[in-house]
Amino acid sequence: VLPAEKMAIYEWSGLQRAVKVTAITAIEDKSVEHLADQVSSGRIAIWSAALNAAKKAPWFGLGPFGYYFVEDRPERYEHTHNLLIEFIVEWGVIGALLLSGFLLSLLLPMVFYCKKAVQQGNVAWLTVASVLLVLNINALTDGVYFIFIPSVMLATAYALLWPLKLRSHIN
């Protein structure tokens, strides 16, 4: 029994999975890419297939849900599990830059206001900003923007930021 197994919530996730997969792969003497793919739950294969598909239409992409129709994608994965790669595959470099720019335009004012929110004790704003931060970081390895519930959470959080910021100036 590995010590990491005691820390796992589920047998297929977390530190326990990474340690077990690493140990098994080291014993089997597989390549580093194989190890990375095992630890990342197949994301290396997903990202490779997505980036190869993006080469077919690099400027404007394959369109909405373009990854779903990629022929050599791992079958059970319907999206890329990475926000930036998904943007590149579906909307190409031009669309990815525009969509990323839009998200940055939402993020930068948050970054600049964060210190003031801490100083003012604006707990509501900091809570909403924390939800956005966690979901956006998670979007780099999962489907936050492509699954309904997290998308609703993101939209709600973005919608609440400005009123919460304004309310803190009134009080």
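Before reading further, recall that the structure is shown in the block above.
It should be emphasised that the depicted structure is a prediction, and the values quoted were computed from it without experimental measurement.

(A) Broad picture of helix H3 (residues 43-54). The end-to-end C-alpha separation of H3 is 16 Å, in line with the 16 Å expected for 12 residues at 1.5 Å each. Every buried residue belonging to H3 is among Arg43, Ile46, Trp47, Ala49, Ala50, Ala53 and Ala54, and all of these are buried. The arc that holds every buried residue of H3, seen down its axis, measures 160°, which confines them to one face.

(B) A look at the nonpolar core. Residues Leu103, Met110, Trp125, Leu132, Leu154, Tyr158 and Leu161 are the most contacted members of the largest nonpolar core, which totals 19 residues. Elements that contribute at least two residues to this core include exactly helix H4 (83-120), helix H5 (123-138) and helix H6 (148-170). In this view, Met110 contacts Trp125, Ala129, Leu132 and Leu161; residues no more than four positions away in its chain are not counted. The next biggest cluster of nonpolar side chains, apart from the first, holds 11 residues, and it includes Ala50, Val70, Ile85 and Val89.

(C) Focus on the side chain of His81. Among the secondary structure elements, His81 is positioned in the loop between H3 and H4. Only 3.2 Å separates the side chain of His81 from the backbone oxygen of His79, close enough to count as a polar contact. Beyond its immediate stretch of four places on either side in the chain, His81 contacts Arg43, Ile46, Trp47, Ala139, Leu140, Thr141 and Asp142.

(D) Inspection of unusual backbone geometry at higher detail. Despite not being glycine, Phe65 has its phi angle at roughly 55°, a positive value. Inspection of the secondary structure assignment puts Phe65 in the loop between H3 and H4. Accessibility expressed as a relative area gives 60% for Phe65, which makes it exposed.

(E) A nonpolar patch on the surface, seen in detail. There is a patch of nonpolar side chains on the surface, built from Trp59, Phe60, Val93, Ile94, Leu97 and Leu98 and spanning about 670 Å² of accessible area. Topologically, Trp59 is positioned in the loop between H3 and H4.

(F) Spotlight on the packing of aromatic side chains. The final tally for this structure, using the stated rule, is two aromatic pairs. With centroids separated by 5.2 Å and ring planes inclined at 85°, the aromatic side chains of Tyr68 and Phe69 adopt a geometry described as edge-to-face. Residue Phe69 is classed as exposed on the basis of its relative accessible area, which comes to 63%. Ring centres 4.8 Å apart and planes at 75° place the aromatic pair Tyr113 and Trp125 in the edge-to-face group.

(G) Quick peek at the side chain of Thr80. Inspection of the secondary structure puts Thr80 in the loop between H3 and H4. Looking at Thr80, its side chain comes within polar contact range of the side chain of Glu86, at 2.7 Å. Excluding residues that lie within four positions of it along the chain, Thr80 makes contacts with Ile46, Trp47, Ala50, Tyr67, Ile85 and Glu86.

(H) Region of interest: the pattern of salt bridges. By the definition in use, this model includes one salt bridge. Across the pair Arg43 and Asp142 runs a salt bridge, and its minimum N-O distance is 3.8 Å. Here Asp142 lies in the loop between H5 and H6 and Arg43 lies in helix H3, a separation of 99 residues in the sequence.

Cut-offs used in this document
Residue indices follow the written sequence of each chain, beginning from 1 at its first position. Local features are withheld for residues below a pLDDT of 70 in this predicted model, meaning they are given only at 70 or higher, and side-chain atom pairs are given and counted only at 80 or more; totals for whole chains, interfaces and linings count all residues. With hydrogens and water excluded, all non-hydrogen atoms of the structure serve as input to the side-chain values. Where helices and strands are cited, they refer to DSSP runs of H or I of at least four residues and of E of at least two residues respectively, numbered from the N terminus. One less than the residue count of a helix, multiplied by 1.5 Å, gives the span that helix is expected to have. Residue burial is assigned from relative accessible area. The probe radius is 1.4 Å, only protein chains are included, and a residue is buried under 20% of its type maximum, exposed over 50%, and partly exposed in between. The directions from the helix axis to the C-beta atoms form the arc being described. For the purposes of this section, nonpolar cores are sets of buried Ala, Val, Leu, Ile, Met, Phe, Trp, Tyr and Cys residues that join through side-chain atoms within 4.5 Å. Residue contacts are counted whenever heavy atoms from the two residues lie within 4.5 Å of one another. Definition of a polar contact: a pair of N or O atoms within 3.5 Å, with one able to donate and the other able to accept a hydrogen when the atoms are protein atoms, and with sequence-neighbouring residues admitted only if both atoms are side-chain atoms. In this analysis, a patch consists of residues with relative accessible area above 30% that form no salt bridge, clustered at 9 Å for like charges and at 5 Å for the nonpolar side chains Val, Leu, Ile, Met, Phe, Trp and Tyr. Reported accessibility uses the Shrake-Rupley method at a 1.4 Å probe radius. Residues are deemed covered only where the shown protein chains occlude them. Here a salt bridge means any side-chain nitrogen of Lys or Arg lying within 4 Å of a carboxyl oxygen belonging to Asp or Glu. Pairs were defined over the aromatic rings of Phe, Tyr and Trp, the Trp ring being its six-membered one, requiring ring centres within 6.5 Å. Orientation was assigned from the angle between planes: stacked under 30 degrees, edge-to-face over 60, tilted for the rest.

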